[in-house]
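Listed below, chain by chain, are the residues.
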Amino acid sequence: AILKLSRMGRRELKLETISMGSLVQSLLQTLAHQIEQKNATVTVGALPEVITARTSMEQIMGNLLDNALKYLGQGRPGKLTITAERSPEGTVFHVRDNGRGIAKDDIPKAFEIFQRVGKQDVPGEGMGLAYVKTLVRRHGGRIWCESEPGAGATFSFTVPAQSTATA
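Residues numbered from 1 in each chain as written. Predicted model: local features only at pLDDT ≥ 70, side-chain atom pairs only at ≥ 80, totals over all residues. Heavy atoms only, no water.

## Remarks on the overall build of the protein
Note the following rule: Under the DSSP-based scheme used, a helix requires at least four consecutive residues in state H or I and a strand at least two consecutive residues in state E, with every element numbered from the N terminus. In this scheme, a residue with accessible area under 20% of its type's maximum is buried, one over 50% is exposed, and one in between is partly exposed, where area comes from a 1.4 Å probe on protein chains only. Any two residues having at least one pair of non-hydrogen atoms within 4.5 Å are treated as being in contact. A 1.4 Å probe and the Shrake-Rupley method give the accessible areas. Residues count as covered only by the protein chains that appear here.
When you go through the protein residue by residue, the secondary structure sums to 6 helices and 7 strands. N-terminal to C-terminal, the α/β element order of the protein is α-β-α-α-β-β-α-β-β-α-α-β-β. Within the protein, the proportion of its 167 residues that are buried is 42%. A fraction of 70% describes how many contacts in the protein between residues 6 or more apart in sequence connect residues 24 or more apart. Surface accessibility of the protein: about 8900 Å² in total, with carbon and sulfur atoms responsible for 50%.

## Description of the sheet that holds strand β2 (residues 41-44)
Stated formally: Pairing between strands requires that DSSP locate at least two bridges from one strand to the other. Each axis is a line fitted through C-alpha atoms, and for a helix only the stretch in contact is used; angles between axes span 0 to 180 degrees, taken between their N-to-C directions.
Spatially, 5 strands are ordered β2-β4-β5-β7-β6 in an open sheet, and the strand pairing comes out mixed. Lying at the two open borders of the sheet, with one neighbouring strand each, are β2 and β6 (143-148). Strand after strand, the sheet turns through a mean of 15° between neighbouring axes, direction not considered. Bridge count between strand β4 (residues 79-87) and strand β5 (residues 90-97): 8 bridges; the pairing is antiparallel.

## Describing the packing of aromatic side chains
Here a ring pair, both rings aromatic, is described through the centre-centre distance and the interplanar angle of the planes. Put simply, the rule is: Here the aromatic set is Phe, Tyr and Trp, taking the six-membered ring for Trp, and pairing holds for ring centres within 6.5 Å; pairs whose planes are under 30 degrees apart are stacked, those over 60 apart are edge-to-face, and all others are tilted.
Here the structure, examined in full by the defined rule, presents 2 aromatic pairs. An angle of 25° between the planes, with centres 5.3 Å apart, marks the rings of F93 and F157 as stacked. Of this pair, F93 sits in strand β5 while F157 sits in strand β7 (residues 152-160), and the two are 64 residues apart along the sequence. The same class applies to F93 and to F157, which are both buried.

## A closer look at the pattern of salt bridges
Any two side chains of opposite charge can pair, on the condition that their charged atoms come close. Let me state the cut-off plainly: Just to be clear on terms, a salt bridge is a Lys or Arg side-chain nitrogen sitting within 4 Å of an Asp or Glu carboxyl oxygen.
In this structure the tally under the stated criterion is 4 salt bridges. Residue R54 is joined to E16 by a salt bridge in which the shortest nitrogen-to-oxygen separation is 3.8 Å. Linking R54 in helix α4 (residues 54-70) with E16 in strand β1 (residues 15-19), this pair joins segments that are 38 residues apart in sequence. Residue classification places E16 among the partly exposed positions, given a relative accessible area of 29%. Ionic pairing is found between K109 and D106, a salt bridge with its closest N-O pair at 3.2 Å.

In C-alpha cells:
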C-alpha cells in the first residue's frame, strides 16, 4: 500500500479535457450493484469539463463514491448527491451522503495513511482517502470534509482552473 502511494506521487500526469458528468455516470454504472443493494438514490448535478488527468479523476471520484456507499446508514434509504461549482480556486466538487458521518475530531485522521475512523465493520486498509488526498494535491487542489455523525458527510475537493499538476 505504501509502495502504491509512493508510485502515485511520481506517476506522470497526462492532462486532458474531461467531461466530469460522463466520468461520474460511468463510475455510477460500475457501482450500480452497490447502489441497488443499499437502496440508494443518486442525484448528479451539472458537472463541468475540467482539464485534469483522467485516471486521477477516476480514482478520486471512484473512491469518494465507493466510500459514500460503504458507509451509508442502516435502516434508511441512502442518498448521494454529486455537485460542482466554480470558485476563485477553480472548480469545487462535492460528494454528499446521508450515511454515518464522521466525528469532527476524526476528520483529519481519515486522510492519513492507515487510519480508519468510526466503527470498524467495513473492510478496508485505511488507504483510500490518503490516495485521494495525494492525487488532489498533485493536481494543485485541496480536499476537505464536513460531517456530522448520524447525518452524513460531504467530501469536497478543488480542481484548479489552470491545472498546476506536477509531473
